[in-house]
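Residues per chain are reported as follows:
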Amino acid sequence: QVQLVESGGGLVQPGGSLKLSCAASGNIISIYNMDWYRQAPGNQRELVAVITTGGSTNYADSVKGRFTISRDNAKNTVYLQMDSLKPEDTAVYYCHAIIRAPIPQAYWGQGTQVTVSS
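Engineer: An account of the side chain of Thr-112 is needed here, citing residue identities and associated values.
Structural biologist: Within the secondary structure, Thr-112 sits in strand E11 (residues 112-116). Classification of Thr-112 by relative accessible area gives buried; the value is 12%. A polar contact is formed between the side chain of Thr-112 and the backbone nitrogen of Gly-9, at a distance of 3.3 Å. In this structure Thr-112 touches Glu-6, Gly-9, Leu-20, Ala-91, Val-92 and Tyr-93, once residues within four positions along its chain are discounted.

Structure follows, in structure tokens:
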């Protein structure tokens, strides 16, 4: 059984920073793309950032220049460094990954709340 466990969410003031982590565990053979999504109340879940196995990245326009996605393949972990946070970044953030264990399949984390407010 594969699990994705997120950590690092919380309450931060506008302009502040947070770093989210997501660790994959279980009978993992390999991990392909790892992504972060977010969902604000009343909104659809949206893709925030994606990182490939080789380290190529892509970001939603709304977070470019402020968020940085990275991964540690040895630890099966993906990170999201969030800087210059805005109130509109408030959402539940979800980790998502395509994991081969033993067949390739999509997995989701449980979500972690990020609240940006003064």
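Engineer: I'd like to hear about the packing of aromatic side chains, residue by residue, with values.
Structural biologist: This structure, assessed with the given rule, holds 2 aromatic pairs. Aromatic pair Tyr-94 and Trp-108: ring centres 6.4 Å apart, planes at 85°, arrangement edge-to-face. In this pair, Tyr-94 is assigned in strand E9 (residues 91-100) and Trp-108 in strand E10 (residues 104-108), connecting sequence segments 14 residues apart. The exposure class of Tyr-94 is buried, given its relative accessible area of 14%. Chaining the aromatic ring pairs together yields one cluster made of Tyr-37, Tyr-94 and Trp-108. Its end group placed over the ring of Tyr-94, Arg-45 keeps NZ or CZ at 3.7 Å from the ring centre.

Engineer: With reference to specific residues and values, describe the state of the cysteines.
Structural biologist: This model, assessed by the stated rule, comprises 1 disulfide. The disulfide partner of Cys-22 is Cys-95, and the gap between their sulfur atoms is 2.1 Å. Judged by the sign of its S-S torsion, about -80°, the cystine formed by Cys-22 and Cys-95 is left-handed. Of this pair, Cys-22 sits in strand E3 (residues 18-25) while Cys-95 is found in strand E9, placing the two residues 73 residues apart along the sequence. Under the relative-accessibility criterion, Cys-22 is labelled buried at 0%. Look at Cys-95 and you get buried, because its relative accessible area is 0%.

Scoring rules and cut-offs
- Here the residue index of a chain counts from 1 through its sequence in written order.
- The predicted origin of the model limits local features to residues at a pLDDT of at least 70 and limits the giving and counting of side-chain atom pairs to 80 or more, whereas totals for whole chains, interfaces and linings rest on all residues.
- Hydrogens and water molecules were not included; the side-chain quantities draw on all heavy atoms of the structure.
- Each helix is a run of DSSP H or I of at least 4 residues and each strand a run of E of at least 2, with the numbering of both proceeding from the N terminus.
- Remark: exposure states derive from per-residue accessible area (1.4 Å probe, protein chains only) relative to the maximum for the residue type, with buried under 20%, exposed over 50%, and partly exposed in between.
- Contacts described as polar in this section are N or O atom pairs within 3.5 Å, which, within protein, must combine one atom able to donate a hydrogen with one able to accept it, while residues neighboring in sequence count only if both atoms come from side chains.
- Residue contacts follow a heavy-atom distance rule, with two residues in contact if any of their heavy atoms lie within 4.5 Å.
- Between 30 and 60 degrees the pair is tilted, below 30 it is stacked and above 60 it is edge-to-face, where a pair is any two Phe, Tyr or Trp rings, Trp via its six-membered ring, whose centres lie within 6.5 Å.
- The criterion for a charge sitting over a ring is simple: Lys NZ or Arg CZ within 6 Å of the ring centre, and within 35 degrees of the ring normal.
- Any two cysteine sulfur atoms lying within 2.5 Å of each other are counted as a disulfide.

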